[in-house]
Amino acid sequence: MRLIIANVLLFLVSSTVPGFTEQFMLVPAWILTRPWTAVTYMFLHANMWHLFFNMLGLYFFGPRLEAEIGGRRFLILYFISGLMGGALSFVFTPYTAIIGASGAIFGVLLGYAHYWPKDQIMIWGILPVEARWFVIIMTGLSLFGGFGGVGGDIAHFAHLGGFVGGWAYLRWVDRVRREELIPREAALPKPSASAMLRWTSIRREGLHEVNREEFDRIMGKIRAGGPESLTQREREFLDRFSQ
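S.K.: Residue-level account of the layout of surface pockets, with values.
M.R.: If you add up the space inside the second largest pocket, you get close to 500 Å³. Together, 19 residues line the second largest pocket, and M1, R2, P63, E66 and F74 are the ones closest to its centre. Considering every element that reaches the lining of the second largest pocket, the biggest residue donor is helix α4 (residues 48-69), with six residues. In terms of residue class, the lining of the second largest pocket is built from 11 nonpolar, five polar and three charged.

In structure tokens:
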């Protein structure tokens, strides 16, 4: 949600302050003299529709992915994807100005498809496509648009860079999580009474829809197998929403 707020606020500023967009947009070839633009370009958008569709993707795919990998890793994924979008644009379109969170959002989309590949995504609200196929389709369109020279003002290489950055970072995340899981899951202590009180006090109706589903699953697991059956990730999920 904080990322959405930041994007909306920066859009309002760029819409009212003359020259703001030009100062903070990314022109890859100028990166040595304007290094801040490698990050700031992700928070600028050309118009309301550009902002709306990027934030819509972040709203639908972000919360569940953040709950899965944790807030810190989610932010790193977001920024690495955006930075890689700028890096790939430097290679192929160094003098083209770039704005928008699309590269970062494509990394988030890839993360969602990585963990829930068969989830249905409704294109235009009517056409169901599995998440894994949606990523493949978007990759193909970006490749065709980038190397085929079509697509107008769309930053196809920023999109591809978002996929590349997201893919590389998620491989690292999965490896680290596997290494962490074995020793930590082997001897987890029984949750304290105070922890159980905090967890059962979480306001379910105040959670995002996807987090609500995960909360219901975990609480059902507690009822079936007791609190000691929870994994470290599940305990961290409850801790995050009970603070």
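Still to come is the rest of the account.
S.K.: Please provide a residue-by-residue account of the side chain of E214, values included.
M.R.: On the secondary structure map, E214 appears in helix α10 (residues 209-225). What makes E214 buried here is its relative accessible area of 18%.

S.K.: Hey, could you go over the side chain of N211 for me, with residue numbers and the actual values?
M.R.: Residue position: N211 is located in helix α10. For N211, a relative accessible area of 7% gives the class buried. When residues no more than four places from it in sequence are discounted, the contact partners of N211 are P63, R64, A67, F237 and F241.

S.K.: I'd love a proper account of α4, names of residues and values included.
M.R.: Helix length check: α4 (22 residues) gives 30 Å between terminal C-alpha atoms against 32 Å at 1.5 Å per residue, within 8%. Largest kink in α4: about 40 degrees, centred on G62, with the proline P63 one to four residues after it. Of the positions making up α4, those classed as buried are L51, N54, M55, G57, L58, F61, G62, P63, L65, A67, E68 and I69. With its phi angle positive at about 100 degrees, G70 sits one or two positions after the end of α4.

S.K.: I'd like a description of the environment of L197, backed by residues and values.
M.R.: Among the structural elements, L197 can be located in helix α9 (residues 193-200). With 45 residues separating them along the chain, L197 and S242 place their C-alpha atoms 9.4 Å apart.

Cut-offs applied
Starting from 1, residues in each chain are numbered consecutively following that chain's sequence as written. It should be noted that, the model being predicted, local features are given only for residues of pLDDT at least 70 and side-chain atom pairs only at 80 or more, the latter also being counted only at that level, while totals for whole chains, interfaces and linings use all residues. Think of the side-chain values as coming from all heavy atoms in the structure, minus any hydrogens and water. Definitions used throughout: a 1 Å grid over protein atoms alone; a cavity as a set of points that fits a 1.4 Å probe which cannot get out; a pocket as an open set with protein on both sides within 12 Å along at least five of seven lines; a lining residue as one with an atom within 4 Å of a point. Grid points are joined across faces, edges and corners, and a volume is the space filled by probe spheres set on the points. Put simply, DSSP marks the helices as runs of H or I at least four residues long and the strands as runs of E at least two long, and each gets a number from the N terminus on. Asp, Glu, Lys and Arg are counted as charged, while Ala, Val, Leu, Ile, Met, Phe, Trp, Tyr, Cys and Pro are counted as nonpolar; the rest, among them Gly, fall into the polar class. Relative accessibility under 20% of the residue-type maximum defines a buried residue, over 50% an exposed one, and the middle range a partly exposed one, all with a 1.4 Å probe and only protein chains included. Note on definitions: a residue-residue contact is assigned when non-hydrogen atoms from the two residues lie within 4.5 Å. To estimate the expected span of a helix, count its residues, drop one, and scale the result by 1.5 Å. In this analysis the local bend is the angle between axes fitted, respectively, to the seven residues ending at and the seven residues starting at the residue.

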